[in-house]
2 protein chains.
Amino acid sequence: MTEGAIDHGSPVPVYRQIAARIIADIERGTLAVNRKIPSESDMVQEYGVARETARNAVRFLRDEGYVFTVPHRGTYVTDRTVEGPSGSGG
Amino acid sequence: MTEGAIDHGSPVPVYRQIAARIIADIERGTLAVNRKIPSESDMVQEYGVARETARNAVRFLRDEGYVFTVPHRGTYVTDRTVEGPSGSGG
DNA sequence: CATCATTTGTTCGTATGTATC
DNA sequence: CGATACATACGAACAAATGAT
C-alpha cells in the first residue's frame, strides 16, 4: 500500500499527519539522531501542502522535542537518549 | 509617464505583474530568443520587491514556457518557434 | 590554481489576507 | 471567534556553481 497520501478529509489536521510520518521515521530509525529531516520546501512538494502547513508540522515536532531547528540550516532529529526537560535524572 | 511601478494594491499578485512585463518584452522582441532576462537581483532593485517575489515571477515564466533557467548562469528566453509540448503543430 | 563578482539554489523567520470548518 | 490551511510577500543567511581576471 504505502498509503503515501495526505487525507484532507480526515479529522486529523494535515500538519499532524505529516508530523506523524516524521515521527514514525524517527522511531523506526529511518531518520537517525542529528540527521536533517526534510526541509519545509521538501514537505511542500512531497505532500502538496502550503508552506504554512509544513511549518506547523515542524513546530509541532519541535514542541514535542523530536527535533530542533538551526536557522537557515535545517531541522534535525533530537538525541532523546541523553537530553531531557529536567536534566539527567529519571 | 513610463508607469514603471508595481501596484501592491492590485488584486494581481506582484510576481504576476513582473512576469507580465517580461512577457511583454518577449512578445515585443525587446527580449530576443536566447537572450538573458534580468537576474533576480536586478528585479529586486528594479521593482523594489523581495527576492522571493522575483523568483516567483521567474518560476511562473518557466512554467508558462517563456524562459528556461541555467543554474548559476541565468534565465533565458525560450525559442517557442520550434519547441513545443506536442510537436510543431500550432 | 586562487580570487572576486555574479547568479541561482536552499532554508528558516515573519507577516498579511482570504477561506473553511 | 479560534484552529487550520493556502497564497503571497518581505527579510536574512548560507551554499554552490559559473565566469572573468
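Rules behind the numbers
Residues numbered from 1 in each chain as written. Chains lettered and ligands numbered in written order. Predicted model: local features only at pLDDT ≥ 70, side-chain atom pairs only at ≥ 80, totals over all residues. Heavy atoms only, no water. Near = heavy atom within 4 Å. Polar contact = N/O pair within 3.5 Å; in protein donor to acceptor, adjacent residues only side chain to side chain. Helix = DSSP H or I, 4+ residues; strand = E, 2+ residues; numbered from the N terminus. Nonpolar A, V, L, I, M, F, W, Y, C, P; charged D, E, K, R; others polar. Salt bridge = Lys/Arg side-chain N within 4 Å of Asp/Glu carboxyl O. Pairing = 2+ DSSP bridges. Phe/Tyr/Trp six-rings, centres within 6.5 Å; stacked < 30°, edge-to-face > 60°. Buried < 20%, exposed > 50% of the residue type's maximum accessible area, 1.4 Å probe, protein only. Lys NZ or Arg CZ within 6 Å of the ring centre and 35° of its normal. Arc of directions from axis to C-beta. Contact = heavy atoms within 4.5 Å.

Under an unreviewed UniProt entry, the name given to chain A is GntR family transcriptional regulator, and the source organism is Streptomyces uncialis.

Asker: Got a sec to walk through the protein's contact with DNA strand D? Specific residues and values, please.
Answerer: Residues in close proximity to DNA strand D total 22 residues, the closest being Val 14, Tyr 15 and Thr 53 of chain A together with Val 14 and Thr 53 of chain B. Here the atoms of DNA strand D within 4 Å of the protein split so that 79% fall in sugar or phosphate, with bases taking the remainder. Contact between DNA strand D and Thr 53 of chain A: a phosphate oxygen at 2.2 Å from a side-chain N or O atom of the residue. When contributions to the surface near DNA strand D are tallied by element, the ones reaching two or more residues are α1 (14–28) and α3 (51–63) of chain A together with α1 (14–28) and α3 (51–63) of chain B. Split by residue class, the surface near DNA strand D holds 10 nonpolar, six polar and six charged.

Asker: Break down the protein's contact with DNA strand C for me, with residues and values.
Answerer: The full set close to DNA strand C counts 18 residues, and Glu 40, Arg 51 and Arg 55 of chain A together with Arg 51 and His 72 of chain B are the nearest of them. Sugar and phosphate atoms represent 55% of those atoms of DNA strand C found within 4 Å of the protein. At 2.9 Å, a side-chain N or O of Arg 55 of chain A approaches a phosphate oxygen of DNA strand C. The separation between a phosphate oxygen of DNA strand C and a polar main-chain atom of Glu 40 of chain B is 3.0 Å. Of all the secondary-structure elements, those providing two or more residues to the surface near DNA strand C are α3 and β2 (74–77) of chain A together with α3 of chain B. Its residues placed into classes, the surface near DNA strand C shows no nonpolar, nine polar and nine charged.

Asker: An account of the pattern of salt bridges is requested, with residue identities and associated values reported.
Answerer: Residues and elements named next belong to chain A. Within the structure shown, the criterion is met by six salt bridges over all chains. Salt-bridge contacts for Arg 55 lead to Glu 40; the nearest nitrogen and oxygen are separated by 2.7 Å. Of this pair, Arg 55 sits in helix α3 while Glu 40 sits in helix α2 (residues 40–47), placing them 15 residues apart in sequence. In this structure, a network of salt bridges that share partners links the residues Glu 40, Arg 51 and Arg 55.

Asker: Go over unusual backbone geometry, please, and point to the residues and values.
Answerer: Of note, the phi angle at His 72 of chain A is positive, near 65°, even though the residue is not glycine. Within the secondary structure, His 72 of chain A sits in the loop between β1 (67–70) and β2. Despite not being glycine, Asn 34 of chain B shows a phi value in the positive range, around 70°. Position of Asn 34 of chain B relative to the elements: it lies in the loop between α1 and α2 (40–47).

Asker: Tell me about the pairing of β1 of chain A, and please be specific about residues and values.
Answerer: Residue and element names in this part refer to chain A. Where β1 lies against β2, four bridges are found, and the strand directions are antiparallel. Its bridge partner being in β2, Thr 69 is matched across the sheet by Thr 75. Hairpin connection of β1 to β2: three residues between the antiparallel strands, including His 72 at a positive phi of 65°.

Asker: Got a sec to walk through the packing of aromatic side chains? Specific residues and values, please.
Answerer: Aromatic ring pairs are reported here in terms of the distance separating the ring centres and the angle at which the planes meet. All names here are of chain A. Considering all chains together, one arrives at four aromatic pairs over all chains under this definition. Relative to Phe 60, the ring of Tyr 15 has its centre 6.3 Å away and its plane inclined at 70°; by these criteria the two rings are edge-to-face. Taken together, the residues span a long stretch of sequence, with Tyr 15 in helix α1 and Phe 60 in helix α3 at a distance of 45 residues. When its relative accessible area of 18% is taken as the criterion, Phe 60 is described as buried. Here the basic side chain of Arg 80 rests over the ring of Tyr 66, its NZ or CZ set 4.4 Å away from the ring centre.

Asker: Any chance you could break down α2 of chain B for me, citing the residues and the numbers?
Answerer: All names here are of chain B. Here α2 has its buried residues at Glu 40, Met 43 and Tyr 47. Projection of α2 onto a plane perpendicular to its axis shows the buried side chains occupying an angular sector of 60°, all on one side. More than 90 degrees from the buried face of α2, the exposed residues found are Gln 45 and Glu 46. Turning to α2, the residues buried within the fold contact α1 and α3. With its phi angle positive at about 65°, Gly 48 sits one or two positions after the end of α2.

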